[in-house]
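As a plain string of letters, each chain reads:
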Amino acid sequence: MTTRLADIAVQAGVSEATVSRVLNGKPGVAATTRQSVLAALDVLGYERPVRLRQRSEGLVGLITPELENPIFPALAQVIGQALTRQGYTPVLATQTPGGSTEDELTEMLVDRGVAGIIYVSGLHADTTADMQRYDRLRAQGVPYVLVDGFSPKVQAPFISPDDRAAMNLAVTHLVSLGHTRIGLALGPKRFVPVQRKIEGFVRTVQDQLGLGAETVESELVQHSLYTLEGGQAAATALIERNCTAVVCASDMMALGAIRAARQLGLDVPKDISVVGFDDSPLIAFTDPPLTTVRKPVPAMGQAAVRTLLEEIGGTPAPHSEFVFMPELVVRGSTASAPGERGRS
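Here is a short report on the structure shown in this document. In this text the structure is predicted, and so the values were computed from the model without any measurement.

## Overview of helix α2 (residues 16-23)
Phase 1 of the analysis: Of all the residues in α2, the buried ones are Thr 18, Val 19, Val 22 and Leu 23. One side of α2 carries all its buried residues, which in axial view fall inside an arc of 135 degrees.
Phase 2 of the analysis: Following α2 by one or two positions, Gly 25 adopts a phi angle in the positive range, close to 70 degrees.

Below, the structure written as structure tokens:
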């Protein structure tokens, strides 16, 4: 017990006496200090005493796509932590190919009496999907918030990154390095974030390189799947069209683009520059470290929870879209265009 107290005290940065007071439920400990001790317990893998376990205010469902793309677990973690801090218990429901659909997961969560649901990159982002499913959910009295995607047909709060601004950041960075032939690799066109990225990309390339919109869309935009293999296929096509730089709509696709370049005997970034999107966990440690546009995951996750809890509390959030600004993170996968290197 003494060893455990000492470990927890060091981890929390407080005295053993303070740890003892928290564990024994004694008064006179500041809320932030108490939270530090509880966090230290969790980090060190100790079980919380029964009296310190948080009573649940209720369940909140979180429906995400597959978890192979590390940006989804990262967002789920932010949302889960924010819910737990507010006394709610998050229930993670994941879609997988051939598994449960969004509608089936929704029904399962509603049957379990969830207080609300947060959807990440769901059917609300698909312009071909029937949006009446969300009206039916509202009619059942279940509050919900929609992350990554937008539909004017759904009267609900939306949380999104600024996809157009993200493309402006990426293209501007590459143009500053002397690239004039820049490609865009992204997912199927029916998704709203894809359409917005194309708009931002086309507009920036037009403004900065003077190319016509039709030329940009037909020659420099390549649709594929949001996977490593999809990025590889799209990048291969763009490199064959003489692109010296490729902007990808996800970090997973960017890793595929780097693999495509290497299979074609090209060096990244000497022969071709690659920019990702998301700034997923561990992406700074790839070879080379990936230049990417950082999605504001902490801000988006916390806003989704805050907005949902307002709805649950009877103060509906405005039925509008909250848009968060991304940020360019320059690392080792971008460099001067091959023809510019001697001059720079």
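## A word on the sheet that holds strand β7 (residues 221-223)
Phase 1 of the analysis: Strand order across the open sheet formed by six strands is β7-β6-β8-β9-β10-β12, with mixed pairing between neighbours. The open sheet has two edge strands with one neighbour each: β7 and β12 (327-329). For this sheet, the mean angle separating the axes of adjacent strands, direction not counted, is 20 degrees.
Phase 2 of the analysis: As defined by bridge partners, strand β6 (residues 182-186) adjoins strand β8 (residues 245-248) across four bridges and the pair is classed as parallel. Looking at β8, one finds that Ile 182 is bridged to Ala 245.
Phase 3 of the analysis: Where helix α7 (residues 163-176) meets the sheet, it contacts β6, β8, β9 (273-278), β10 (291-294) and β12, and its direction lies at approximately 160 degrees from that of β9.

## Observations regarding the nonpolar core
Phase 1 of the analysis: Formed by 41 residues in total, the largest nonpolar core has its most connected members in Leu 184, Phe 201, Cys 248 and Val 274.
Phase 2 of the analysis: Contributing elements (two or more residues each) for this core: α7, β6, α8 (192-209), α9 (213-220), α10 (228-240), β8, α11 (251-263) and β9.
Phase 3 of the analysis: With six residues, the single largest contributor to this core is α11.
Phase 4 of the analysis: Once you skip the residues sitting within four places of it in the chain, Cys 248 turns out to touch Ala 185, Met 253, Ala 254, Ala 257, Val 274, Val 275, Gly 276 and Phe 277.
Phase 5 of the analysis: Counting 24 residues, the second-largest nonpolar core is a separate cluster that includes Phe 72, Ile 159, Met 300 and Leu 308.

## Focus on the sheet that holds strand β5 (residues 158-161)
By way of backbone hydrogen bonds, the strands of a sheet pair with one another, either parallel or antiparallel.
Phase 1 of the analysis: Reading across from one edge, β2-β1-β3-β4-β5-β11 is the order of the six strands in this open sheet, with parallel pairing throughout. In this open sheet, the two strands that pair with only one neighbour each are β2 (89-94) and β11 (321-324). The average undirected angle you get between the axes of adjacent strands in this sheet is 20 degrees.
Phase 2 of the analysis: Here strand β1 (residues 59-64) pairs with β2 via six bridges, running parallel. Across the sheet, the residue bridging to Leu 62 is Leu 92, located in β2.
Phase 3 of the analysis: This element, helix α6 (residues 132-139), spans β3 (116-120) and β4 (144-147) of the sheet and lies at about 155 degrees to β4.

What counts as what
- Residues numbered from 1 in each chain as written.
- Predicted model: local features only at pLDDT ≥ 70, side-chain atom pairs only at ≥ 80, totals over all residues.
- Heavy atoms only, no water.
- Buried < 20%, exposed > 50% of the residue type's maximum accessible area, 1.4 Å probe, protein only.
- Helix = DSSP H or I, 4+ residues; strand = E, 2+ residues; numbered from the N terminus.
- Arc of directions from axis to C-beta.
- Pairing = 2+ DSSP bridges.
- Axes fitted to C-alpha atoms, helices over the stretch in contact; angles between N-to-C directions.
- Contact = heavy atoms within 4.5 Å.
- Core = buried A, V, L, I, M, F, W, Y, C linked by side-chain atoms within 4.5 Å.

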